[in-house]
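Single-letter residue listing:
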Amino acid sequence: MKKVLVLEDESSIRGFIVINLERAGYEVVEAESGEEALEKLAANPDTRAVLLDIMLPGIDGIEVCRRIRLSDPHIGIIMLSARSQEMDKVTGLMSGADDYMTKPFSPAELTARVDALLRRMGDGAAAAEPKPEELVQPPFRLNQTNRTLEKNGERVKLTQVEYAIVKLFMENKGKALSREEILDTVWGHGYFGEPKIVDVNVRRLRIKLEDEAQDPKYILTVWGYGYKWNVE
Ligand code: CA
C-alpha cells in the first residue's frame, strides 16, 4: 500500500485529510508537529509522499521540507498553506517541495494532487513503457532507468518533478514548450494548480543546471510563452 505522511497541527483539518486519503486507498501516518513528522518519517522509510502544513508551533513546514530534502531527494512533498500565506508559495517550492495546495481544498482536489504526485514519481502504466535508457546531450546525460541526471559526468540532485521537466526538455530539444504544455505533461491533466509553479521549478533547475543561473544558456525563456531547451 502507498504510504503518505500528513503533518498538520489542526486536528480537524488533519482528520479530514487522513479520512479522504484512506478512502482513496492510502496508508496514512499522522503527525501534529514538525519534530514528530521527522521522527515518524525516519521510522517509516517506505513513505512515498508527505503533506506539510506550513504554519506550525515549533519548527515550521518549510524547515521540515528543507530537512527532509537534505536526506531524501526523491520523496514527494506537497506544502499546505492558508489562503493568506500566498508569499509562502515560492519559499516553499524553493525549499524543495514538489507541489503546493491552498486550504481549504476539496477531497477530490486532495486525492487528485496526491495521485498525480505519485504518478510523476514513476508509478502506474507509464513506468512500464519501454524507453531508451539514456538521453545524451552534452554536457548532460539523463539515465531513465535510474532516473538520474549528470552534467559533465557529475550527478545533479533532482527532485522527481525536476527530473520530469528535464526529461521533457531533452525529449523536445530546441522546441519552445508552453507553460501549459509543461504543466500538463509533468503534473498531469486535471491538475488543479497554476502555471506559475512551472516558473518556480525552472528557477530551481537553472540554479542546478546552468553555469550561471542569471544568464541561462540551456533553459531559455520564450517570452510570454514558456521555455526552450537549448543544447547542441
Ligand atoms: Ca497550521
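Shown above is the structure to which this text applies.
Residues numbered from 1 in each chain as written. Predicted model: local features only at pLDDT ≥ 70, side-chain atom pairs only at ≥ 80, totals over all residues. Heavy atoms only, no water.

Participant: Looking at this structure, I do not really get the overall build of the protein chain. What am I missing?
Facilitator: A tally of regular secondary structure across the protein chain gives eight helices and twelve strands. For the protein chain, the C-alpha radius of gyration of 18 Å lies close to 17 Å, the compact-globule estimate for 232 residues. Oriented by its inertia axes, the alpha-carbon framework of the protein chain measures out at about 55 × 35 × 30 Å. Within the protein chain, the fraction of its 232 residues that count as buried is 51%. For the protein chain, the share of sequence-separated contacts (at least 6 apart) that also reach a separation of at least 24 residues comes to 58%. Carbon together with sulfur atoms contributes 51% to the accessible area of the protein chain, which is approximately 11,100 Å² in total. (Helix = DSSP H or I, 4+ residues; strand = E, 2+ residues; numbered from the N terminus. Rg over C-alpha atoms; globule rule 2.2 N^0.38 Å. Buried < 20%, exposed > 50% of the residue type's maximum accessible area, 1.4 Å probe, protein only. Contact = heavy atoms within 4.5 Å. Areas by Shrake-Rupley, 256 points an atom, 1.4 Å probe, with all protein chains shown as cover.)

Participant: Looking at this model, I keep getting lost on the sheet that holds strand β11 (residues 219-222). Mind explaining?
Facilitator: Strand pairing in a sheet relies on backbone hydrogen bonds, with the paired strands running either antiparallel or parallel. With respect to topology, three strands assemble into an open sheet ordered β10-β12-β11, the strand pairing being antiparallel. One side of each edge strand has no neighbouring strand; the edge strands of this open sheet are β10 (176-178) and β11. Across the sheet, the mean angle separating the axes of adjacent strands is 35° when strand polarity is ignored. Relative to strand β12 (residues 226-229), β11 is paired through four bridges, and the arrangement is antiparallel. Bridge pairing in β12 places V222 opposite G226. Lying on the sheet, helix α6 (residues 160-171) is in contact with β10, β11 and β12; it crosses β12 at an angle near 65°. Here helix α8 (residues 196-209) sits on the sheet and contacts β11 and β12; the angle it forms with β11, its principal contact strand, is near 145°. (Pairing = 2+ DSSP bridges. Axes fitted to C-alpha atoms, helices over the stretch in contact; angles between N-to-C directions.)

Participant: Looking at this structure, how should I read the coordination of the calcium ion?
Facilitator: For a metal with four tetrahedral donors the ideal donor-metal-donor angle is 109.5 degrees, whereas six octahedral donors ideally subtend 90 or 180 degrees. Taken together, D9 (OD), D53 (OD) and M55 (O) make up the protein donors of the calcium ion, found 2.2 to 2.4 Å from the metal. Each donor residue of the calcium ion lies on one chain, and together they are spaced D-x43-D-x1-M. D53 gets classed as buried once you look at its relative accessible area, which sits at 2%. Looking at M55, the relative accessible area reads 52%, which means it is exposed. (Donors = N, O, S within 2.8 Å, 3.2 Å for Na, K, Ca; no water.)

Participant: Is there a simple way to think about the sheet that holds strand β5 (residues 99-103) in this case?
Facilitator: With parallel pairing, the five strands of this open sheet are ordered in space as β2-β1-β3-β4-β5. Each edge of the open sheet carries a strand with a single partner, namely β2 (27-31) and β5. Strand-to-strand twist of the sheet, defined as the mean angle between neighbouring strand axes without regard to direction, takes the value 20°. Across five bridges, strand β4 (residues 76-82) lies against β5 in parallel orientation.

Participant: What should I look at first to understand the pattern of salt bridges in this one?
Facilitator: Once their charged atoms are close, side chains differing in charge can pair, the charge on each being opposite to the other. Under the definition given, this model contains 18 salt bridges. Linking D98 and R69 is a salt bridge whose minimum nitrogen-to-oxygen distance equals 3.0 Å. Of this pair, D98 sits in the loop between α4 (88-94) and β5 while R69 sits in helix α3 (residues 61-71), and the two are 29 residues apart along the sequence. For R69, a relative accessible area of 11% translates into the label buried. (Salt bridge = Lys/Arg side-chain N within 4 Å of Asp/Glu carboxyl O.)

Participant: Whenever I open this one, the packing of aromatic side chains confuses me. Can you help?
Facilitator: Aromatic ring pairs are reported here in terms of the distance separating the ring centres and the angle at which the planes meet. Under the criterion given, the structure shown has four aromatic pairs. Seen in terms of ring centroids, F140 and Y218 are 4.9 Å apart; in terms of plane orientation they differ by 85°. Their pairing is edge-to-face. Within this pair, whereas F140 is found in strand β7 (residues 140-143), its partner Y218 is found in the loop between α8 and β11, the two being separated by 78 residues in sequence. For F140, a relative accessible area of 1% gives the class buried. On the numbers, 5.7 Å between centres and 10° between planes, the contact of F169 with W229 is stacked. Taken together, the residues span a long stretch of sequence, with F169 in helix α6 and W229 in strand β12 at a distance of 60 residues. In this structure, F169 and W229 share a single accessibility class: buried. The structure contains a cluster of three or more aromatic residues connected by ring pairs, namely F140, F169, Y218 and W229. (Phe/Tyr/Trp six-rings, centres within 6.5 Å; stacked < 30°, edge-to-face > 60°.)

Participant: Looking at this structure, I do not really get the packing of helix α7 (residues 179-187) against α8. What am I missing?
Facilitator: Describing two packed helices takes the angle between their axes plus the distance from one axis to the other. Where α7 meets α8, the axes come as close as 9 Å, and the angle between the chain directions of the two elements is 85°. Here α7 is positioned roughly perpendicular relative to α8, judged by the angle of their axes. Note on element contacts: α8 touches α7 through I197, V198, D199 and N201, opposite R179, I182, L183 and W187. (Parallel < 35°, antiparallel > 145°, perpendicular 65-115°, else oblique.)

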